[in-house]
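Examining the three-dimensional arrangement
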Amino acid sequence: MKTYLVGGAVRDLLRGIVPQDRDYTVVGATAEEMLQRGFRQVGAAFPVFLHPQTQEEYALARRERKTGPGHQGFAFEFGPDVTLEEDLGRRDFTVNAMAMDGDTLIDPYDGEKDLRAGVLRRVSEEAFSEDPLRVLRLARFASQLGMQCDPHTLDLARAVGERVRELSAERIWVETSKALVSSRPSAFFRVLQSIDILRHFLPELSALVGFGTFENTMAALDRAAGTSLRVMVGVLLEHTGDVRTIGFRLRIPEALQRFAEAASTHGHRARHWRTLAADEAMKILREIGALRDAEVIEDFTAFLDADSAPEASRREFYAAATALARAITGQSLVDRGVQPGPALGRELAREQIRAIAGLLA
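Residues numbered from 1 in each chain as written. Predicted model: local features only at pLDDT ≥ 70, side-chain atom pairs only at ≥ 80, totals over all residues. Heavy atoms only, no water.

Here the focus is the packing of helix H13 (residues 243-250) against helix H14 (residues 254-270). Across the interface, H13 lies against H14 with an axial gap of 10 Å and an inter-helix angle of 160°. When the interaxial angle is binned, H13 and H14 end up roughly antiparallel. Crossing of H13 over H14 shows right-handed handedness. For the pair H13 and H14, the contacting residues are Val 243, Arg 244, Gly 247 and Phe 248 in the first and Glu 254, Gln 257, Arg 258, Ala 260, Glu 261 and Ser 264 in the second. Tallied by class, residues from the contact of H13 with H14 come to three nonpolar, three polar and four charged. (Axes fitted to C-alpha atoms, helices over the stretch in contact; angles between N-to-C directions. Helix = DSSP H or I, 4+ residues; strand = E, 2+ residues; numbered from the N terminus. Parallel < 35°, antiparallel > 145°, perpendicular 65-115°, else oblique. Left-handed = near helix turned anticlockwise from the far one by under 90°. Contact = heavy atoms within 4.5 Å. Nonpolar A, V, L, I, M, F, W, Y, C, P; charged D, E, K, R; others polar.)

Written out as structure tokens, the structure is:
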């Protein structure tokens, strides 16, 4: 029985990044032996075990073969005779197909070379072509790692074509959401458009290619990079049409849809917030949810900034809107020690008037 650190953790270590998660492959063991050593099994068809102390994941080395459509249409074979190289050979990209035995790198598919070159390259043509999810992962890793796609791998991804329809909407959303919070979210959509895949799940965005709106959307996404997923969804959907239609198709969580819809509806007016009437300012803050959650103001300000609102202007808006939200909820009075009673109501009304005046000054 031999244990190896594998996958993204090895890739990150070679990049000088402390891995957030560490996954291990176990060679030469059976499920029964893992259980006897105190590991807890969390998968049936795909045996994965949790370490009794660290709770890190340990998977038995496996072979796999295609048995049906989609991401889950595979049968797995486990056994003490499965080698580490066989296990790594079914992985998606060479940079994810490396292992470490202590300080010794095991790299049968030249992943370190591709990592240094900044290239995403498939490990096996067969394995890559059998799983349409790997097309989305190619685009997602391009956005997360800032790497270029190997041309031959792009050709393979293009050949997969409409088979991305085999993927569930939930699975597509998982990959899209990870790309949206990456360092270069535009790369995800550009890669998918370049291989004619984007039209299958975001035709509204694909239809903008060739027009200034597409480039404006990509630029806005990259300007907003590093903010929350809520902001990123708002920026994406503001430029791509009916929020509810796209949200339902991609199974975007309801709370994210509500923010995107409100932000898209009120974004244009809020970018000119000094021209608003008091009741209009209140309506915007109420409908984006700022009076229930102060963090929404920060996100709404970042949403406005994605379209190049001047820094000073958006900071002023943030400060004024935060003051107003605190006044509306009474938090500013609590902070000042005003006690409950008739005086609190009168002071709250005065505080709200001052805050509205400050927002619109």
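Next, the rest of the story.
Attention now goes to the sheet that holds strand S2 (residues 23-27). Spatially, the seven strands line up as an open sheet ordered S3-S4-S5-S2-S1-S8-S9, and their pairing is mixed. Lying at the two open borders of the sheet, with one neighbouring strand each, are strand S3 (40-41) and strand S9 (104-106). Relative to strand S5 (residues 57-60), S2 is paired through four bridges, and the arrangement is parallel. Along S5, the bridge assignment pairs Tyr 24 with Tyr 58. (Pairing = 2+ DSSP bridges.)

Our next topic: the side chain of His 51. The topology assignment puts His 51 in the loop between strand S4 (48-50) and S5. In this structure His 51 comes out as buried when scored by relative accessible area, which is 17%. For His 51, the side chain forms a polar contact with the main-chain nitrogen of Thr 54, separated by 3.3 Å. Dropping the residues within four chain positions of it, His 51 is found in contact with Phe 39, Glu 56 and Tyr 58. (Buried < 20%, exposed > 50% of the residue type's maximum accessible area, 1.4 Å probe, protein only. Polar contact = N/O pair within 3.5 Å; in protein donor to acceptor, adjacent residues only side chain to side chain.)

Going through the model one piece at a time under the given rule, you end up with seven aromatic pairs. Pairing Phe 188 with Phe 189 gives two aromatic rings, centres 5.1 Å apart and planes at 85°, and the pair type is edge-to-face. The same class applies to Phe 188 and to Phe 189, which are both buried. Sitting above the plane of the Phe 141 ring, Arg 140 keeps its charged end 4.6 Å from the centroid. Between Arg 230 and the ring centre of Phe 259, over which it is positioned, the NZ or CZ distance is 5.6 Å. (Phe/Tyr/Trp six-rings, centres within 6.5 Å; stacked < 30°, edge-to-face > 60°. Lys NZ or Arg CZ within 6 Å of the ring centre and 35° of its normal.)

Before going further, it helps to spend a moment on the pattern of salt bridges. All chains considered together, the criterion is met by 29 salt bridges. For Asp 114, the salt bridge identified is with Arg 121, shortest N-O distance 3.0 Å. Residues Asp 155 and Arg 158 are paired through a salt bridge, measuring 2.9 Å at the closest nitrogen-oxygen approach. Linking Asp 155 with Arg 158, this pair stays in helix H7 (residues 151-160), spanning three residues, or about one helical turn. With a relative accessible area of 38%, Arg 158 lands in the partly exposed category. Salt bridges sharing common partners tie together Arg 63, Glu 77, Asp 81 and Glu 86. (Salt bridge = Lys/Arg side-chain N within 4 Å of Asp/Glu carboxyl O.)

With that settled, consider the nonpolar core. Ranked by internal contacts, the top residues of the largest apolar core, which has 72 residues, are Phe 189, Leu 192, Phe 201, Leu 202, Leu 205 and Phe 300. Core analysis: the second largest hydrophobic core is formed by 14 residues, Val 10, Tyr 24, Ala 31 and Met 34 among them. (Core = buried A, V, L, I, M, F, W, Y, C linked by side-chain atoms within 4.5 Å.)

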